[in-house]
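Letter by letter, the chains look like this.
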Amino acid sequence: MSQLYCGACQNYLMGSDGECHDCSCGWKQPIESRNESGEIEALRQRVAELEAKLTQETSGYIEALNQCTINADRTVRLQSELFYVTRDFNELKRSL
Ligand SMILES: [Zn+2]
């Protein structure tokens, strides 16, 4: 973890960017924490990339699924219409 206060002069080190910086007196944040925050930042970016990709791909599937539902509804309506039209046609044919 980065340190909020300088280990030498107790200066407050959190910048307006929300990061804990090295102190102006020459004291530096521990190297491990800088590596750690770099790794955390890399992982955060990776998570953001994956979330964006997942959202993009999922929206494609949802769109395709909605289209299938619409097509299935149309097919059911057409089959129903075909059934009644065929029945009426057969009744008409018999009456001739
Ligand atoms: Zn300092």
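Structure's up top.
Residues numbered from 1 in each chain as written. Predicted model: local features only at pLDDT ≥ 70, side-chain atom pairs only at ≥ 80, totals over all residues. Heavy atoms only, no water.

### Brief notes about the coordination of the zinc ion
With distances of 2.2 to 2.3 Å, the protein atoms coordinating the zinc ion are C6 (SG), C9 (SG), C23 (SG) and C25 (SG). One can describe the site at the zinc ion as tetrahedral: its 4 donor atoms subtend angles covering 105 to 121° at the metal. Coordination of the zinc ion draws on donor residues from a single chain, spaced C-x2-C-x13-C-x1-C in sequence. With a gap of 14 residues between them, C9 in the segment before α1 (31-95) and C23 in the segment before α1 connect regions that are remote in the sequence. (Donors = N, O, S within 2.8 Å, 3.2 Å for Na, K, Ca; no water. Tetrahedral: all angles 85-135°; square planar, octahedral: opposite > 155°, others 65-115°. Helix = DSSP H or I, 4+ residues; strand = E, 2+ residues; numbered from the N terminus.)

### Topic: the pattern of salt bridges
A full pass over the atoms with the stated rule returns 3 salt bridges. Across the pair E41 and R44 runs a salt bridge whose closest N-O atoms are separated by 2.9 Å. Of the two residues, E41 and R44 are both situated in helix α1; the distance of 3 residues between them amounts to about one turn of the helix. We classify R44 as exposed; its relative accessible area is 53%. Across the pair R46 and E49 runs a salt bridge, and its minimum N-O distance is 3.0 Å. Residue R46 and its partner E49 are located together in helix α1, separated by 3 residues, close to a single helical turn. Under the relative-accessibility criterion, R46 is labelled partly exposed at 45%. (Salt bridge = Lys/Arg side-chain N within 4 Å of Asp/Glu carboxyl O. Buried < 20%, exposed > 50% of the residue type's maximum accessible area, 1.4 Å probe, protein only.)

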